[in-house]
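A look at the structure
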Amino acid sequence: MELVSGVDLHFITSKKFKTNRIKIRFSAPMSMDTIAGRVLAANMLETANEIYPTSQIFRERLANLYGANFSTRLSRRGLIHYVDLDVSFVSDAFLSRKNTLTGEILNFLKDSLLKPLVDGRAFNRTVFEVEKKNALNDLKAEIEDHFYHAHQELNKLFYTKQDMQIPHFATLDLVEKETPESSFAVFQEMLQNDKIDIFFIGDFNEIEVCEHLKMFGLHPSQPELHLHYHQEFSNVLKEGLKQNDAHQSIIELGYHFSVQYGDRNHIPLVVLNGLLGGFAHSKLFVNIREKESLAYTISSSIDIFSGMMRIYAGIDRKNRTKTVSLIYRQIADLKKGSFTDEDLNQTKKMLRNTMLLSLDRQNTLIEQAYMASVLQKRFMSIDVWLNALETVTREDIIVIAKQLRLQAVYFMEGK
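Basis of the calculations
Residues numbered from 1 in each chain as written. Predicted model: local features only at pLDDT ≥ 70, side-chain atom pairs only at ≥ 80, totals over all residues. Heavy atoms only, no water. Pairing = 2+ DSSP bridges. Helix = DSSP H or I, 4+ residues; strand = E, 2+ residues; numbered from the N terminus. Axes fitted to C-alpha atoms, helices over the stretch in contact; angles between N-to-C directions. Contact = heavy atoms within 4.5 Å. Core = buried A, V, L, I, M, F, W, Y, C linked by side-chain atoms within 4.5 Å. Buried < 20%, exposed > 50% of the residue type's maximum accessible area, 1.4 Å probe, protein only. Domains from an automatic or database assignment. Phe/Tyr/Trp six-rings, centres within 6.5 Å; stacked < 30°, edge-to-face > 60°. Lys NZ or Arg CZ within 6 Å of the ring centre and 35° of its normal. Buried area = accessible area lost by both parts, 1.4 Å probe. Salt bridge = Lys/Arg side-chain N within 4 Å of Asp/Glu carboxyl O. Polar contact = N/O pair within 3.5 Å; in protein donor to acceptor, adjacent residues only side chain to side chain. Nonpolar A, V, L, I, M, F, W, Y, C, P; charged D, E, K, R; others polar. Arc of directions from axis to C-beta. Expected span 1.5 Å × (residues − 1).

Some words on the sheet that holds strand β11 (residues 405-413)
In a beta sheet, neighbouring strands are held together by backbone hydrogen bonds and run either parallel or antiparallel to one another. Within the open sheet, the 5 strands sit side by side as β7-β11-β8-β10-β9. Their pairing is mixed. The sheet is open, and its two edges are formed by β7 (238-243) and β9 (295-303), each paired on a single side. Averaged over all neighbouring strand pairs, the angle between strand axes comes to 10°, with direction disregarded. Relative to β11, strand β8 (residues 249-256) runs antiparallel, the two sharing 7 bridges. Residue L253 lies in a different strand from β11, and its bridge partner there is V409. The strands touched by helix α5 (residues 146-158) within the sheet are β7, β8, β9, β10 (308-315) and β11, with β11 carrying the most contacts at an inclination of about 140°. Taken strand by strand, helix α11 (residues 283-291) contacts β9 and β10, and its axis lies near 160° from that of β9.

Some thoughts on the pairing of β9
Inspection of the sheet shows β9 paired to β10 by 8 bridges, in the antiparallel sense. Bridge pairing in β10 links S300 to I311. Joining the antiparallel neighbours β9 and β10 is a turn of 4 residues, in which G307 adopts a positive phi near 75°.

Topic: the nonpolar core
For soluble globular proteins, nonpolar side chains are generally found buried alongside one another. If you look at the biggest cluster of nonpolar residues, it comprises 59 residues, and the most contacted ones within it are V271, M309, I311, W385 and I397. Take this core: its biggest share by element is 7 residues, from helix α10 (residues 266-278). Residue contributions to this core reach at least three from each of two domains, namely domain 1 (2-215) and domain 2 (238-413). The next biggest cluster of nonpolar side chains, apart from the first, holds 58 residues, and it includes L85, L139, F187 and F200.

Let's talk about the side chain of T323
The residue T323 is located in helix α12 (residues 320-336) in this model. On the basis of relative accessible area, T323 is assigned to the buried category, the value being 0%.

Thoughts on the packing of aromatic side chains
This structure, assessed with the given rule, holds 18 aromatic pairs. With a centroid separation of 6.5 Å and an interplanar angle of 10°, the aromatic rings of F123 and F128 are classed as stacked. Note on F123: relative accessible area 1%, which makes it buried. The class for F128 is buried, based on a relative accessible area of 0%. The ring of Y82 is capped by R25, whose NZ or CZ atom sits 4.5 Å from the centre of that ring. The ring centre of F339 lies 4.6 Å from the NZ or CZ of R394, which sits over that ring.

So, the domain arrangement of the protein
Per the domain assignment, the segments of the protein are domain 1 (2-215) and domain 2 (238-413). Taking only C-alpha atoms, the centre of domain 1 and the centre of domain 2 are 31 Å apart. Counting residues at the interface gives 30 residues for domain 1 and 40 residues for domain 2. Across the domain 1/domain 2 interface, buried area totals approximately 2900 Å², and carbon plus sulfur atoms make up 67% of it. Counting every contact that joins domain 1 to domain 2 gives 3 salt bridges. Where domain 1 meets domain 2, there are 12 residue pairs in polar contact (both at pLDDT 80 or more). Secondary-structure elements contributing two or more residues to the side of domain 1 that touches domain 2 are β2 (7-13), β3 (19-29), β5 (80-90), α5 and β6 (195-202). Among the elements that line the side of domain 1 that touches domain 2, the one with the most residues is α5, at 10 residues. Residues of the side of domain 1 that touches domain 2, tallied by class, amount to 13 nonpolar, 10 polar and 7 charged.

With respect to helix α15 (residues 382-390)
Within α15, the full set of buried residues consists of I382, W385, L386 and L389. The buried residues of α15 occupy an angular sector of 95° when the element is viewed end-on, so they sit on one face. Across α15 from its buried face, at more than 90 degrees, point the exposed residues D383 and N387. At its buried positions, α15 is contacted by α10, α13 (341-358) and α14 (362-375).

A word on unusual backbone geometry
Positive phi, close to 55°, is recorded for Y66, a residue that is not glycine. Looking at the secondary structure, you find Y66 in the loop between α2 (55-64) and β4 (69-77). A positive phi angle is found at A170, which is not glycine, with a value near 75°. In this fold, A170 is placed in the loop between α6 (162-165) and α7 (172-177).

Section: the pattern of salt bridges
Tallied over the entire structure, the rule returns 24 salt bridges. In this structure, K23 and D86 form a salt bridge, with 2.9 Å as the shortest nitrogen-oxygen distance. One end of the pair, K23, is in strand β3; the other, D86, is in strand β5, and 63 residues separate them in sequence. Across this residue pair, the class does not change: K23 and D86 are buried. Look at the salt bridges and you will find they share partners, linking R21, K23, R25, R77, D84, D86 and E367 into a network.

Digging into α14
In this model α14 runs 20 Å from its N-terminal to its C-terminal C-alpha over 14 residues, within 8% of the 20 Å that 1.5 Å per residue would give. Those residues of α14 that fall on the buried side of the exposure criterion are Q362, T364, L365, I366, E367, Y370, M371 and L375. Residue Q376 follows α14 closely and has a positive phi angle near 50°.

Rendered as structure tokens:
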């Protein structure tokens, strides 16, 4: 349901949850110019506003709304950056006063968006500096996580586009440059130009909600968004090495693939990842961690929207060559079809169970609704996804395994 151009409403009717949930998603192109401003604007929105000008008053208001929970979250898919405002609150079915709480929650959201804590054309400087310091501390804590650091370094090696190399919650230098004025300007740009999706999951009166949202005065927009990122494979293998004062070393490998969401090989690629490193019975875990005791941790993952399969392992420095050699062997085995029918069937069963369990989470249903609206005819419903999973064969795994090509290797050498 379109409120105005570029602002879509999604109602997901469900009475199986004790709480209702509203998520407002701002979507914009991933850009180094705006990402830090978006991060700090999100922090400001979940801290205070003009009506509730301190963190204490802000939280007291939420407590008075029957313990409603309000938060912001940042994420990305492909070349899109998301800022989500998320509020969950008790369903009217459990209240003595009916049909009033949703209206109060929407008023709270309207105040957060349209009456932020500002001084003129800038966020309140005192609160902003506190939130900026918090953001910097969070980033420093992430950077001290060796796996986080290794992930980011592999991204820099693998991706040719700079906007794909930066994390979804910015970098220290980008956050350092932000001011109350620049971040507020980015927030105004979000309100004016972002694609906005508003999700309602639970039990809502759709007509009343639509009338309420019209009072938000949201502007029409037509942003150009690209969910999929694709880059050509390069014959030049990119390698990085860094010595670090850590007790373990980390090896990360980035494999290129050309499969996109909804393609014929999409679900075979998902199964391949499960066979390779997605579960406790996977080849990397069993053959490298369990049998050879070469890795403290080892796993693989795929990003279907950016064309990278990542393999990472925490190892002892002296085991680097042997570990990498064994990783290569696991990939080679998949290309040759050297895996059992039992492994294939167990992987498909695990994937099926994981998918079905995820349907008990509100966030999964919201993301399904979002993807359906963005991908339209290419979207794979749960039933289509599960049916495609059941038809994956050994030959399908071999075909997609042969399309994996090593593009980047990063080694963080510990003690």
